[in-house]
Structures are given as C-alpha cells and as structure tokens.
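Tertiary structure, described
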Amino acid sequence: MKCFLSKVCVFLIFLSKTAYAENFNVDYNVYVSGIKIGKFNWSLEIEENKYKTEINLENSGFVSAVYSFNGNYKSSGTFYNGKFQSSQYQQKWVTKKQKKIIEMSFDDYLIKLFQDPLEKEVARLNLYSLFQYCDPVTSFVNILNGESEAKTIDGRRVYVMKKVGTNKKGALTIEIKKYKNIWADHNKNDLKKIEFHLVEGNFLPESIKIYFKKRVFGLKKI
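So, here's what we can say about the structure. None of these values were measured; they are calculated from a predicted model. (Residues numbered from 1 in each chain as written. Predicted model: local features only at pLDDT ≥ 70, side-chain atom pairs only at ≥ 80, totals over all residues. Heavy atoms only, no water.)

Quick notes on the overall build of the protein chain
In terms of helices and strands, the protein chain carries 2 helices and 13 strands. Considered along the principal axes of its C-alpha atoms, the protein chain spans approximately 75 × 40 × 35 Å. Restricting to contacts in the protein chain with at least 6 residues of sequence separation, those with at least 24 account for 40%. Carbon and sulfur atoms provide 54% of the accessible area of the protein chain, an area that totals close to 13,600 Å². Averaged over its 36 positive side-chain charges, the protein chain has a centre that lies 5 Å from the centre of its 23 negative ones. (Helix = DSSP H or I, 4+ residues; strand = E, 2+ residues; numbered from the N terminus. Contact = heavy atoms within 4.5 Å. Areas by Shrake-Rupley, 256 points an atom, 1.4 Å probe, with all protein chains shown as cover. Lys, Arg positive; Asp, Glu negative; His and termini not counted. Charge placed at Lys NZ, Arg CZ, Asp CG, Glu CD.)

Okay, structure coming up:
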C-alpha cells in the first residue's frame, strides 16, 4: 500500500511540473463597408507562465493600388493565475507616406514609452503612475480569457475595455470607458466599441467588428 501511494505521489508531482502550452493561429479578411481591404493574421502562444502574441496586417484587393499599408503588433509577458500581463509591446504601422513605431515596457507599472517620430506634445497625465495597465492586444486577450474589464494604454490613449454583454446578434460587446488622450487636451473618443463572436473550442474569435470614428472595420475568419 505504501509503495502504491508513493507512486501516486510521484505521478502527481510529475503532472504539476509538466509544461502547459497552447498555440493559436487565425487568418482573417478585413472589410470596410463590405469591401475587402486587407488580411489580418493573429497568433498566440502560451507556454507555462509566459505568452507571446503577434498580429500582422496588410492591404489586399483592388484598394492596394491606391492605398497600401502594413502593420505589425507584438506583445509578450507573463501568464499567471489565468491573467495575462504585458512585459513588452511593439507596434509598427507603415504606409507610402509615413512610418510610426510605438514601444512600451511594463512591470506592474508602465516603465517605458518610446515613439518614432517623437511626440512633441507634453503628456497630459502621469504615464508612470499607471498600475497594471496592458497594451491593447493583451487587454483584448484578457477579455477573451474571461476578464470583465482590462486597463489599457496604446501609446496615444488610455482607457478601460469593459465587457458589457451580448447584443441582439449574439456578439459579445466591449465598450470603451474612462478614455483619455495622452497628448491632446480633449478626450474625444474615436474608439467606440468592439464586438466579437466566439465558437466553442476556439480561443480567438471567429469574427470581430471595431467601431472606430464613423467606420466599422470587420474581421472575418478565413
């Protein structure tokens, strides 16, 4: 009996030390007013207590002849007690006329914010007092993982993503709360809300709608 119990204990210890790992990768088409304008790839890797996620966005379709763009968004950090916390974030956005880079580093607080081109305005709030804020991709991942809200900084703004329920079409809805512009005196909110559909067994959404200014950007899984 003692021998049997000792073997069970060894087995349980082995299980507790086994690495947890999940990988997700989804491709989407991007639409505005029913017109396809781009492709969007989203990958998420979780291994033990760490994660990294990357989004790649580029133009496609006939609009490419008049407007070309590509974006790359990378985030990495810790995964602990079912919550994702940013450590590093990098965003690159490139068109024919401009290139913008944002880089942020976090511990419990924001510890670095770099922009190229350099922002000439003075920050309207104390950036380094922001406690347990995440980059926008990590915030959305936390909502997908069951959090009801996520404090967010994207380099231009700070806000809270708040899950408010399901709309008439069955889409989960995130509203943008406590919105503040970092580099401007006004707090006009360009990002209105995000809607998304989930399918059982898939962590990343089947479709996403982003209400930004007067436009709706739709992402549909390929």
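Here's the deal with unusual backbone geometry
Peptide bonds are, in most cases, trans, and in most cases residues other than glycine have a negative phi. Here the amide bond leading from Asp-116 into Pro-117 is cis, since omega sits at 5°, within 30 degrees of zero. Its location among the elements puts Pro-117 in the loop between strand 7 (110–116) and helix 2 (136–144). Of note in this structure, Asn-81 is not a glycine but carries a positive phi near 50°. Position of Asn-81 among the secondary structure elements: in the loop between strand 4 (69–80) and strand 5 (83–95). In this model, Lys-213 sits at a positive phi of 55°, which is unusual for a non-glycine residue. Take Lys-213: it is sitting in the loop between strand 12 (207–212) and strand 13 (215–221).

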